[in-house]
Amino acid sequence: MRPAKDFFAPLAVGAPAPPREIPARPSRAIHFFDPGNEKMAAKVPAMVGTVDVLLGNLEDAVKAENKEKSRQGLVDIGKATDFGPTQFWTRINSLDSPWVLDDLTTLVPEIGHKLDVIMVPKVQGAEDIHYVDRLLAQLEAKAGLDRPILVHAILETARGVANIEEICAASPRMQGLSLGPADLAADRRMKTTRVGGGHPGYVVRQDPVKDDLGVPQYDAERTSYQQDLWHYTIARMVDACAMHGIYPYYGPFGDIKDTVACEDQFRNAFLLGCVGAWSLHPVQITIANKVFSPSVEDVAHARRVIAAMGDGTGAVMIDGKMEDDASVKQCQVMVALAEELAEIDPELKKAYDAIEVTA
Ligand SMILES: CC(=O)SCCNC(=O)CCNC(=O)[C@H](O)C(C)(C)COP(=O)(O)OP(=O)(O)OC[C@H]1O[C@@H](n2cnc3c(N)ncnc32)[C@H](O)[C@@H]1OP(=O)(O)O
Ligand SMILES: CC(=O)C(=O)O
Ligand SMILES: [Mg+2]
């Protein structure tokens, strides 16, 4: 563990200073594409401005024989594209793979000045972040970069989840965490074969009704409620990220056709504190942009509470509900997010600007 006085020192002579604070840049959808897939890659320039993050994926979902093609495709796209307001991220191969060293030593000199965040898969503990941190500093110094590239860890092993706090605290470059439900399910020996989302077998069932004599009727019809397999992990991520001033994300939702359940899963994550989710297919960008933007009703209510609370202390009654110092803070979170998003999303800005704050 580095002592506090050295925590923000560059890890290589000539490397840019690591950030003191991770900016809250909108990242409702982290859109994955394979830079070696010509059809997908061709769509990327037109997606700039329509999605908050474009991520060139080099890891799983890219065939072993295409790893070099995808890496070169990413370099080409990085060089040729003006990303404007859209962030440009990549997911490198895992640290134990034969490809990751070439990923880093190619990408940083070639397109390091364009890359905002490098996503590191299968992070097990602080030692993985320390390795990437030092190597990035050396490569940034060599390439003469003046801005540090941030690091995002995917939680997809039981050990990674157990070490979540030390991963978040491992480097000032840490930007956030994503849930990796497929690898995590395998590593934990969970018995779901889905990529994220719920499972019809994971339920809580209503108690049996009783007959007039008080005897439970086990065979009578009962309602069952499907539960969220990922609640525990997401909640841990949210707390760890909030504590360290970084950002939690829901990962992928593999059932592309089930846009309804995808929206539900993303909304659960939004309500719990996540700032975004992954999009694997263009249809999921629309879902994430909608879900991770506060609704006009919520923003209207939040502004009303803030206006009524004056200096933010005391208690008031609004529509029959008590509001006080704590609930006004919840409202400030909502309004701050709305303001960040309005800066990059003209449609949202129009909708939020049209809100009239009533007493
Ligand atoms: C567990 C994990 O690690 S998750 C992260 C790794 N996985 C990924 O990154 C997967 C990324 N997504 C994909 O590979 C694809 O979307 C698939 C395989 C899921 C589906 O692909 P397709 O069967 O081609 O989908 P579909 O036919 O609906 O595509 C429609 C169009 O959108 C394009 N498209 C599909 N996905 C994407 C994408 N992620 N980005 C850009 N364009 C895309 C297709 O190329 C196709 O283009 P066309 O109309 O010119 O032919
Ligand atoms: C997101 C990811 O990599 C996984 O679910 O395994
Ligand atoms: Mg994975």
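Conventions we followed
Going along each chain's sequence as written, the residues are numbered from 1 onward. Naming scheme: in the order in which they are written, chains are lettered from A and ligands are numbered from 1. In keeping with the predicted nature of the model, local features appear solely for residues at pLDDT of at least 70, side-chain atom pairs appear and are counted solely at 80 or more, and the whole-chain, interface and lining totals rest on all residues. Side-chain descriptors were evaluated using all non-hydrogen atoms of the structure, hydrogens and water having been removed beforehand. UniProt positions are given in the numbering used here, feature names are shortened, and annotations may be inferred rather than shown by experiment. Strands are runs of DSSP state E lasting at least 2 residues, helices are runs of H or I lasting at least 4, and numbering of each runs from the N terminus. Here the radius of gyration uses the C-alpha set of atoms, whereas the globule reference equals 2.2 Å times the residue count to the power 0.38. Exposure was quantified through the Shrake-Rupley algorithm and a 1.4 Å probe, taking into account, for residues, occlusion by the shown protein chains and nothing else. For this count, His and the chain ends are skipped, Lys and Arg are scored as positive, and Asp and Glu as negative. Lysine's charge is taken at NZ, arginine's at CZ, aspartate's at CG and glutamate's at CD. Whether a residue is near a molecule or strand depends on its heavy atoms: it is near if one of them lies within 4 Å of it. The definition of a polar contact used here is a pair of N or O atoms within 3.5 Å, where within protein one atom must be able to donate a hydrogen and the other to accept one, and adjacent residues in sequence count solely through side-chain atom pairs. Each metal site lists N, O and S donors within 2.8 Å (3.2 Å for Na, K and Ca). With water left out of the atoms, a site can look as if it is missing ligands. Relative accessibility decides the category of a residue: with a 1.4 Å probe and only protein chains considered, values under 20% of the type maximum give buried, values over 50% give exposed, and everything between is partly exposed. Only when DSSP finds a minimum of two bridges between them are two strands counted as paired. Axes here refer to lines fitted to C-alpha atoms; in helices the fit is confined to the stretch in contact. Angles between the N-to-C directions go from 0 to 180 degrees. Among the buried residues, those of types Ala, Val, Leu, Ile, Met, Phe, Trp, Tyr and Cys that are joined through side-chain atoms within 4.5 Å form a nonpolar core. We call two residues in contact when some of their heavy atoms are within 4.5 Å. Salt bridge, as used here, is a side-chain nitrogen of Lys or Arg placed within 4 Å of a carboxyl oxygen of Asp or Glu. Take the far helix as your reference; a near helix turned counterclockwise from it by less than a right angle gives a left-handed crossing, and one turned clockwise gives a right-handed crossing. Three residue categories are used. Nonpolar comprises Ala, Val, Leu, Ile, Met, Phe, Trp, Tyr, Cys and Pro, charged comprises Asp, Glu, Lys and Arg, and polar comprises the others, including Gly.

An unreviewed UniProt entry lists the protein under the name CoA ester lyase, with Nocardioides pinisoli as the source organism. For the protein, the Cofactor (unreviewed entry) comment in UniProt is given as "Mg(2+)".

Enquirer: If you had to explain the overall build of the protein to someone new, which residues and values would you point to?
Expert: Broken down by element type, the protein carries 13 helices and 12 strands. Relative to a compact globule of 359 residues, whose C-alpha radius of gyration would be 21 Å, the protein shows 23 Å and is just as compact. With the C-alpha coordinates aligned to their principal axes, the bounding extent of the protein is approximately 75 × 55 × 45 Å. Working note: accessible area of the protein is about 18,000 Å², and carbon and sulfur atoms make up 54% of it. Separation of charge centres in the protein, based on 37 positive and 51 negative side chains, amounts to 4 Å.

Enquirer: Explain the site of ligand 1 to me, and be specific about the residues and the numbers.
Expert: Neighbouring residues of ligand 1: 14 residues in total, closest His31, Phe32, Lys43, Leu280 and His281. At 2.7 Å, a backbone N or O of Phe32 approaches a nitrogen atom of ligand 1. A distance of 2.8 Å separates a nitrogen atom of ligand 1 from a polar atom in the backbone of Leu280. With the chains in place, 61% of the 960 Å² that ligand 1 exposes on its own is no longer accessible. Looking at the shell around ligand 1, the elements that each hand over two or more residues are strand S1 (29–33) and helix H1 (38–47).

Enquirer: Could you give an account of the coordination of the magnesium ion (ligand 3), naming the residues involved and the relevant values?
Expert: For the magnesium ion (ligand 3), the protein coordination sphere consists of Glu156 (OE) and Asp183 (OD), at 2.0 to 2.1 Å. Placement of the pair is Glu156 in the loop between strand S5 (150–155) and helix H5 (158–162) and Asp183 in helix H7 (residues 181–188), with a sequence separation of 27 residues. A relative accessible area of 26% means that Asp183 is categorised as partly exposed.

Enquirer: Please provide a residue-by-residue account of the site of ligand 2, values included.
Expert: What surrounds ligand 2 is the set Arg91, Glu156, Gly180, Pro181, Ala182, Asp183, Pro252 and Trp278. A distance of 3.5 Å is found between an oxygen atom of ligand 2 and a backbone nitrogen or oxygen belonging to Gly180. Contacts to ligand 2 include Asp183, whose backbone N or O atom sits 2.9 Å from an oxygen atom. Burial of ligand 2 by the protein chains amounts to 93% of its free accessible area of 210 Å². Top element by residues in the shell around ligand 2 is H7. It accounts for 3 residues.

Enquirer: Requested: an account of the sheet that holds S1, with residues and values cited.
Expert: Ordered by their spatial adjacency, 8 strands build a closed barrel running S1-S2-S3-S4-S5-S6-S9-S10, and the pairing between neighbours is parallel. In this sheet, adjacent strand axes meet at a mean angle of 25 degrees when their direction is disregarded. Bridge count between S1 and strand S10 (residues 276–279): 3 bridges; the pairing is parallel. Paired with Ala29 across the two strands is Ala277, which belongs to S10.

Enquirer: Report on the nonpolar core, specifying residues and quantitative values.
Expert: The biggest cluster of nonpolar side chains holds 78 residues, and the ones touching the most others in it are Ile30, Leu177, Phe266 and Phe292. Considering each element in turn, this core owes the most residues, 6 residues, to helix H4 (residues 126–143). Among all residues touching Leu177, those that are not within four sequence positions of it are His152, Ala153, Leu155, Ile164, Ile167, Cys168, Met237, Cys241, Tyr247, Pro248 and Tyr249.

Enquirer: Please give an account of the UniProt feature "domain: HpcH/HpaI aldolase/citrate lyase" (unreviewed entry) in the protein that cites residues and values.
Expert: Cross-referencing UniProt, the feature "domain: HpcH/HpaI aldolase/citrate lyase" (unreviewed entry) maps to residues 32–194 in the present numbering. Across residues 32–194 one finds 44% helix and 17% strand; the C-alpha atoms that close the span lie 18 Å apart.

Enquirer: With reference to specific residues and values, describe the environment of Val132.
Expert: As for its position among the elements, Val132 is in helix H4. Residue Val132 is classed as buried on the basis of its relative accessible area of 0%. The residues touching Val132, leaving out its near neighbours within four places in the chain, are Leu95, Val120 and Val151.

Enquirer: Tell me what's going on with the pattern of salt bridges, and back it up with residues and numbers.
Expert: Under the definition given, this model contains 20 salt bridges. For Lys5, the salt bridge identified is with Asp6, shortest N-O distance 3.4 Å. Ionic pairing is found between Lys122 and Asp60, a salt bridge with its closest N-O pair at 2.9 Å. Here Asp60 lies in the loop between strand S2 (53–57) and helix H2 (67–80) and Lys122 lies in the loop between strand S4 (117–120) and H4, a separation of 62 residues in the sequence. It is possible to trace a salt-bridge network through shared partners that takes in Glu59, Asp60, Arg91, Lys122 and Asp183.

Enquirer: Pulling in residues and values, what's your account of the packing of helix H3 (residues 100–111) against H4?
Expert: As a packed pair, H3 and H4 sit with axes 9 Å apart at the nearest point and diverge in direction by 35 degrees. Here H3 and H4 pass one another in a crossing that is right-handed. Seen from H3, the contacting residues are Leu101, Leu104, Thr105, Val108 and Pro109; seen from H4, they are Tyr131, Leu135, Leu136, Leu139, Glu140 and Ala143. Taken together, the residues of the contact of H3 with H4 sort by class into 9 nonpolar, 1 polar and 1 charged.

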